[in-house]
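Chain and residue survey
This is what each chain is made of:
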Amino acid sequence: MHSVWALTAVIAGSILMAIGLPSDQVAAQGVAERPIYRNFSGPLDGVITNLYGGDGITLQGSDVFSHAAHFIGDSLAQFNKLSLGVRDLTFPILNPQVGVRFKYDPVLDEFVPTENSLSASAFAFDAETVGKGELHLGMAFSVRKFDEIGGAPLDRLEVDLMHVDLGDNGSDLPCIGGPPGACYAFERDVIRLSIDLEIEEEMLALTGAYGLTDRMDVSVFLPILRTTVGAFSSATVVENPTRVFFPVAVHSFGGDSGSAIDAVRAQRTGIGDTVVRLNYGVITHRDDAWNVNAGIDVRMPTGRANNLQGLPEIGIKPRIIASRDVELGFGVFRPHVNIAYGFNSGVHREQIIDYAVGGSFIFEWSSNQAAMAIGADFLGKNVVTRRDEMGDDQFDLSLGLSYSFRQGLNAYYNVLLPLNEAGLRPNAQHVFGLQVRF
């Protein structure tokens, strides 16, 4: 099994490199500004905690004071907290059905191909099936470069490390260099870390949909991921103002201390979580009425969670989809509403409600053999089992453009824009896709 995953990673890496992605650069932005990044051999969720060798900040020792461990505990706790914040890199399933689909025609008493069937929504679904025996295959490429976490820029993060309380006397004691009120409370010194995080995910997604019956189809979403995590940190000592009462620096870098600057980076390629989706037409009408589909997504934990490429255990997400067609003379407007409830949908196995409201406007010409669609969707994700409040409620806007060629080939582009600052987010996420109908 391990050899299969290794081979898959090699093949995926070759595919991602072949489509012109930037190569892995181990060196930072200039030797004068930063050190060479250390290559980290462990899983990606350990990159941040491996800063400063994984054993925290150590300062210069002296004959009077030993500071080998005085900032270790808090630095490790802060690194772990930051590391947990970057683990929730889930990706919504892409729409595998943008080609011709089928609806029930009560006059003919059978399912017929849907006119104006093109969709411009990569992240939302319409309430039609692909049709019995129909096969849709697709491929999409996306890059996510994460820029903020909880609204804070990833390249300008600051973390303050507090001193260990020696003797459990509080940060005011011990106080050295003079009488109370005129002495140096050195336990109030702080080590301030200026951190620049690099988190990027490149995805090649394979999608497929097959019509089991006229009312039921099954689809598959298989992502191949290349994930990069890098962390650069520069540490400075912020002395308490009472330092004026003592002539010698108690806390400093140099001598036998660790380095004030560190940088570590790692990249992994592998398969993400596979999603199998079953879709059934519950209510089917003509184009002028609402149609309703019920479906269920089953997420298989085929990706490695510790490499930020999957979630632990199987996830289940029931889904309801409603859509209709509105003839406007010069085209068709197709509004849709999606709502789903996911079980085990995050790194903390939380339950999540996600929903989409939007639609596409479709233009057709050449006797319905070619078409273009534009669309927009409001996407929401709300964590039911509240966790850290940092990424519990996320809202995005998706804008899309799709074009259908005469040969049954569909090309589409979507951009996903965050509408709030919750969680770990890119400023924009671009998705390019192709789908073919057999």
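Residues numbered from 1 in each chain as written. Predicted model: local features only at pLDDT ≥ 70, side-chain atom pairs only at ≥ 80, totals over all residues. Heavy atoms only, no water.

1. Observations regarding the packing of aromatic side chains
We count it as follows: Two rings from Phe, Tyr or Trp (for Trp, the six-membered ring) form a pair when their centres sit within 6.5 Å of each other. Planes less than 30 degrees apart are called stacked, planes more than 60 degrees apart edge-to-face, and all others tilted. Put simply, DSSP marks the helices as runs of H or I at least four residues long and the strands as runs of E at least two long, and each gets a number from the N terminus on. Working definition: with a 1.4 Å probe on protein chains only, accessible area under 20% of the residue-type maximum means buried, over 50% means exposed, and in between means partly exposed.
Counted according to the given criterion, the structure contains seven aromatic pairs. Arranged with centres 6.4 Å apart and planes meeting at 35°, the rings of Y355 and F378 form a pair that is tilted. Of this pair, Y355 sits in strand β15 (residues 352-365) while F378 sits in strand β16 (residues 370-383), and the two are 23 residues apart along the sequence. Take F378: its relative accessible area is 34%, and that puts it in the partly exposed class.

2. A short note on the environment of V275
Rules: Contact criterion: two residues are considered in contact whenever any of their non-hydrogen atoms come within 4.5 Å of each other.
Position of V275 among the secondary structure elements: in strand β10 (residues 274-283). For the pair V275 and M300, spaced 25 residues apart in sequence, the C-alpha separation works out to 6.1 Å. Not counting residues within four places of it along the chain, the set of residues in contact with V275 comprises I93, S219, V220, F221, D297, V298 and R299.

3. Considering unusual backbone geometry
The phi dihedral of L308 falls on the positive side, at around 60°, and the residue is not glycine. The backbone phi angle of N344 is positive, close to 55°, even though this residue is not glycine. Within the secondary structure, N344 is located in the loop between β14 (332-342) and β15.

4. Remarks on the pairing of strand β6 (residues 157-162)
Using the following cut-off: Should DSSP find at least two bridges between two strands, the strands are taken to pair.
Because side chains alternate across β6, one face comprises the buried residues L157, V159 and L161, and the other comprises E158, D160 and M162, none of which is buried. For β6 and strand β7 (residues 190-211), the ladder comprises six bridges, and the chain directions are antiparallel. Paired with M162 across the two strands is V190, which belongs to β7.

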